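Notes for the structure review
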Amino acid sequence: MSLLVVGLSHRSAPVSVLERASLGADTQAKLLQDTLAAEPATEAAVLATCNRIELYADVDKFHAGVAELSTLLAQHSGVGLDELTPYLYVHYEDRAVHHLFSVACGLDSMVVGEGQILGQIKDALARGQELHTAGRLLNDLFQQALRVGKRAHSETGIDRAGQSLVSFGLQQLAAGADPGLWAQGKRALVIGAGSMSSLAAATLARTGVAEIVVANRTRSRADRLVEILQQGDDTTVRAHAVEMSAVGDELTRADVVVSCTGATGLVLTADALADALGVTLDAPAEAPAVTAHPAPADVDQHAAWVENGSTTSAPEAPRRVTLPAQSTGPVKLALLDLAMPRDIDGAAHRIDGVRLVDIESLADASADAPMAADVDQVRTIVADEVAAFGAAQRAAHVAPTVVALRTMAADVVAGEIARLDGRLPDLDEKQRAEITQTVRRVVDKLLHAPTVRVKQLASEPGGAGYADALRELFDLDPQTVAAVSRADLNDPNRGRS
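Everything in this summary refers to the structure shown in the same document. (Residues numbered from 1 in each chain as written. Predicted model: local features only at pLDDT ≥ 70, side-chain atom pairs only at ≥ 80, totals over all residues. Heavy atoms only, no water.)

1. A word on the overall build of the protein
Secondary structure assignment for the protein yields 19 helices and 14 strands. A separation of at least 24 residues holds for 74% of the contacts in the protein among residues at least 6 apart in sequence. Of the accessible surface of the protein, which amounts to about 23,500 Å², a share of 51% is contributed by carbon and sulfur atoms. (Helix = DSSP H or I, 4+ residues; strand = E, 2+ residues; numbered from the N terminus. Contact = heavy atoms within 4.5 Å. Areas by Shrake-Rupley, 256 points an atom, 1.4 Å probe, with all protein chains shown as cover.)

As structure tokens, then:
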């Protein structure tokens, strides 16, 4: 196993960089294909969310792999490599496994413990399978990450340590009030009909808003989301869909707006919001103050270069811009922007009566959130699962050699029995069967101890060399071992949960 991940997230990069580096679906597909075409990589998967972009690959060379994956990320994100590099983190082999398992459990999320990341990991795996860029290693890795994440949520109270990004955003909009009481009777406008927008609409419905209007560029997807909302048993919310062209009119009637689209430019400008409210946009304030955020609490999770057990610290955490305080007057329109890049103009905070919560302000708010004791439980689960996964992968590495050895032994037995038939043609079937069974038992007993022991040794750290030793001792044909590996990789039942 030579697993490598290169990426950036809300922990390593400012929102402005994450926005520019965000990858659309088509770009992700091209990135995967180009990664697979690159010399160091044999498998690839990309995990792209609103606050992280990570490229996973099975590589045969560490330094060449880091250079190639970093370059590919820069090329496809449109952010220059020199500018992107200070924000990148690199994890290798077991540390890469630890990172993904931590991500799956919500430990690395903006809101600790949120569960939506599991769906995003599942989507990343499905994309890799569909494009045939995820092979045995990444299939096993992402499938196990999903199981670890589900285990963390079922065996611990990690859900109590945080909520979904949507729920946390609504809490921030409520500004300390009970979100359920705050939402009562409100009219919500949801822009977008993807997974995050669907989650937002469902959360708003459960929270208690009176009406939800869904706007999307593809009207059929908006209609489908409305249909799902109206079929829910736990809500009686009124819902209907509109064209994107109707958003301006809907803004004049909305109390809450949640936006999460795949647009590359702004969906709601500050001028459009001001017009909808019938107010004048305030002049820009003086240059905002700049405050430095401390480095992430767990710097080890974001080590930059890892090889042979050595670690170099990650770059210093980015400096964030603190925008001027929002209006303290009554809120006429509450805006929640969950898109990356952002959908809503950041200048909306200057509009009297508008409260804007976006990815950057959510990151600031969640940084001070108290950590639940359950987080320690989840970290223990992750550590145990990483060790188990590594042992299983190392054991799997020797399995084709063991199979090839037993296949060779079976061929030897068959050849000797055939030779015996030629020398003793008068043997009856019962005698022949008894001799054949005896020879097979002898071979099985001779091979049992070394094959069992080599599997045990291979599962331990540094045990990969035992497969090579077995091939050398028994003079196994490398092509035969490779054929066994290919057959296992092409198993149609492999990688399905």
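2. Here we look at the nonpolar core
Counting 70 residues, the largest nonpolar core has Leu4, Leu8, Leu165, Ile212 and Leu338 as its most contacted members. Within the second largest apolar cluster, 35 residues are counted, among which are Cys105, Leu141, Val378 and Phe389. (Core = buried A, V, L, I, M, F, W, Y, C linked by side-chain atoms within 4.5 Å. Buried < 20%, exposed > 50% of the residue type's maximum accessible area, 1.4 Å probe, protein only.)

3. Some points on the sheet that holds strand β3 (residues 52-59)
Read across the open sheet, the four strands follow the order β2-β3-β1-β4; overall the sheet is antiparallel. One side of each edge strand has no neighbouring strand; the edge strands of this open sheet are β2 (41-49) and β4 (89-92). Ignoring which end each strand starts from, the neighbouring axes of this sheet average 15 degrees apart. Pairing analysis gives seven bridges linking strand β1 (residues 3-9) to β3, with the strands arranged antiparallel. Among the inter-strand pairings, Gly7 is bridged to a residue of β3, identified as Glu54. Each of β2 and β3 touches helix α2 (residues 25-37); the most contacted strand, β2, lies at about 160 degrees to it. Along the sheet face, helix α5 (residues 94-104) touches β1, β2, β3 and β4 and points at about 115 degrees away from the line of β4. (Pairing = 2+ DSSP bridges. Axes fitted to C-alpha atoms, helices over the stretch in contact; angles between N-to-C directions.)

4. Observations regarding the pattern of salt bridges
On inspection of all chains with the given rule, the structure shows 21 salt bridges. Of the charged contacts, one joins Glu155 and Arg151 as a salt bridge, the two residues approaching to 3.0 Å between their closest N and O atoms. Of this pair, Glu155 and Arg151 both sit in helix α7 (residues 136-155), separated by four residues, roughly a single helical turn. You can call Glu155 partly exposed: its relative accessible area is 46%. Here the salt bridges do not stand alone but share partners, grouping Arg187, Glu211, Arg238, Glu250 and Arg253 into one network. (Salt bridge = Lys/Arg side-chain N within 4 Å of Asp/Glu carboxyl O.)

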